[in-house]
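Survey of secondary and tertiary structure
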Amino acid sequence: DVKVTQSSRYLVKRTGEKVFLECVQDMDHENMFWYRQDPGLGLRLIYFSYDVKMKEKGDIPEGYSVSREKKERFSLILESASTNQTSMYLCASSQDYNSPLHFGNGTRLTVT
Amino acid sequence: EDKVVQSPLSLVVHEGDTVTLNCSYEVTNFRNLLWYKQEKKAPTFLFMLTSSGIEKKSGRLSSILDKKELFSILNITATQTGDSAIYLCAVKLGGSNYKLTFGKGTLLTVNP
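1. Some points on the overall build of chain A
Counting its secondary structure elements, chain A contains zero helices and eleven strands. Along its sequence from the N terminus, chain A presents helices and strands in the succession β-β-β-β-β-β-β-β-β-β-β. Taking 13 Å as the expected radius of gyration for a compact globule of 112 residues, we find that chain A reaches 13 Å, a close match to that expectation. Counting all 112 residues of chain A, 48% fall into the buried class. The long-range share in chain A, meaning contacts at least 24 apart out of those at least 6 apart in sequence, stands at 55%. Averaging the coordinates of the 15 positive side-chain charges in chain A and doing the same for the 15 negative ones gives two points 7 Å apart.

Listed below in structure tokens is the structure:
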């Protein structure tokens, strides 16, 4: 079974802090994704990566950056957290372009 | 703009009922449609549909795609309390696009 692990289940940070959300997958998947999920808005893609050191912007990249130095790890960085970044963050991976996404359990981030 | 619309947004039924969840889409260059179930944490993959009229089935769940009318349905028969979840529909575009466009989800509550 594919396992996508997000380092924190709950996180509380202050406005202006730099925040790192970590995601690791154990199935040698090429593609990794970061989504945020908000009530009434559904899942929205922030960034994705189809190879090590490669990244592409999704629908809502503003205020975020990503890092993929190793195939199994994809990090989401909030350079200066703001209250409107309070959300559920979901990491996902897929084996290839035609395969379904496998999601991690999510990190619920609160920015105060 | 690509759009995926799910209906109803929420639904309350009693155990044993049969439910039908709807997903319609307007996208450029459709490739396939996916259904996910989300309980408290990670969305879990249910079905991927590519061709019209071919039913996918897993236990009490089944799904079908109509590419002419641009919609899919997810049926759950003999519902159980464990079916209570958010059901997410997502559309994958063709070409070199890795993106999944999600609907807002249907919240299903099954009461005993």
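2. Examining the interface of chain B and chain A
How big an interface is tends to be stated in terms of accessible area lost as the parts join. In this complex, chain B contributes 23 residues to the contact, which on the side of chain A involves 21 residues. Summed over both partners, the interface of chain B with chain A comes to about 1900 Å²; 59% of that surface belongs to carbon and sulfur atoms. Area buried by chain B at its contact with chain A is led by Tyr98, Lys99 and Phe102 of chain B, which between them contribute 32% of it. Where chain B packs against chain A, one counts zero salt bridges. Between chain B and chain A we count four residue pairs in polar contact (both at pLDDT 80 or more) in total. In terms of residue count, strand β4 (residues 30-38) of chain B provides more of the side of chain B that touches chain A than any other element does, four residues in total. Classifying every residue of the side of chain B that touches chain A gives eleven nonpolar, six polar and six charged.

3. Observations regarding the nonpolar core
Ranked by size, the top nonpolar core spans 22 residues in total, and within it Tyr25, Leu33, Trp35, Tyr87, Val91 and Leu108 of chain B carry the most contacts. The greatest single-element share of this core, amounting to five residues, is contributed by strand β9 (residues 85-93) of chain B. In this structure, Val4, Ile46, Ile60 and Phe74 of chain A belong to the second largest nonpolar core, which totals 20 residues.

4. Some remarks on the side chain of serine 94 of chain A
As for its placement among the helices and strands, serine 94 of chain A is situated in strand β9 (residues 87-94). Setting aside chain neighbours within four positions, we find serine 94 of chain A in contact with His29, Glu30, Asn31, Phe33, Ser99, Pro100 and Leu101 of chain A.

5. Focus: the environment of alanine 90 of chain B
Examined against the element boundaries, alanine 90 of chain B turns out to sit in strand β9. On a C-alpha basis, the gap between alanine 90 of chain B and threonine 101 of chain B in space is 5.3 Å, while along the polypeptide they are eleven residues apart.

6. Side note on the pairing of strand β7 (residues 61-66) of chain B
All names here are of chain B. Pairing analysis gives three bridges linking strand β6 (residues 56-58) to β7, with the strands arranged antiparallel. Of the residues in β7, the one forming a bridge with lysine 56 is serine 63. Bridge count between β7 and strand β8 (residues 71-76): six bridges; the pairing is antiparallel. In the strand pairing of β8, aspartate 66 is matched with phenylalanine 71. Between β7 and β8, which follow one another and run antiparallel, lie four residues, and leucine 70 among them has a positive phi close to 60°.

7. Regarding the environment of asparagine 22 of chain B
Residues and elements named next belong to chain B. Following the sequence through the fold, asparagine 22 ends up in strand β3 (residues 19-26). Taking the C-alpha atoms as reference, asparagine 22 lies 22 Å from glycine 94; in sequence the two are 72 residues apart. Aside from chain neighbours lying at most four places away, what touches asparagine 22 is Val5, Gln6, Ser7, Trp35, Ser72 and Ile73.

8. Quick look at the sheet that holds β7 of chain B
Residue and element names in this part refer to chain B. The strand order across the open sheet built from five strands is β1-β3-β8-β7-β6, with neighbouring strands paired in antiparallel fashion. The open sheet has two edge strands, β1 (3-7) and β6, and neither has a second partner. On average, each strand axis in the sheet is tilted by 15° relative to the strand beside it, whichever way the strands run.

9. Notes on the pattern of salt bridges
Residue and element names in this part refer to chain A. Applying the stated criterion across every chain, the model contains eight salt bridges over all chains. In this structure, the salt-bridge partner of lysine 53 is glutamate 69, at a minimum N-O distance of 2.5 Å. Of this pair, lysine 53 sits in the loop between β5 (42-49) and β6 (56-57) while glutamate 69 sits in strand β7 (residues 64-70), and the two are 16 residues apart along the sequence. Lysine 53 sits in the exposed class, given a relative accessible area of 57%. What makes glutamate 69 exposed here is its relative accessible area of 52%.

Procedures and definitions
Residues numbered from 1 in each chain as written. Chains lettered and ligands numbered in written order. Predicted model: local features only at pLDDT ≥ 70, side-chain atom pairs only at ≥ 80, totals over all residues. Heavy atoms only, no water. Helix = DSSP H or I, 4+ residues; strand = E, 2+ residues; numbered from the N terminus. Rg over C-alpha atoms; globule rule 2.2 N^0.38 Å. Buried < 20%, exposed > 50% of the residue type's maximum accessible area, 1.4 Å probe, protein only. Contact = heavy atoms within 4.5 Å. Lys, Arg positive; Asp, Glu negative; His and termini not counted. Charge placed at Lys NZ, Arg CZ, Asp CG, Glu CD. Buried area = accessible area lost by both parts, 1.4 Å probe. Salt bridge = Lys/Arg side-chain N within 4 Å of Asp/Glu carboxyl O. Polar contact = N/O pair within 3.5 Å; in protein donor to acceptor, adjacent residues only side chain to side chain. Nonpolar A, V, L, I, M, F, W, Y, C, P; charged D, E, K, R; others polar. Core = buried A, V, L, I, M, F, W, Y, C linked by side-chain atoms within 4.5 Å. Pairing = 2+ DSSP bridges. Axes fitted to C-alpha atoms, helices over the stretch in contact; angles between N-to-C directions.

Shape is all these values report; function is a separate question.
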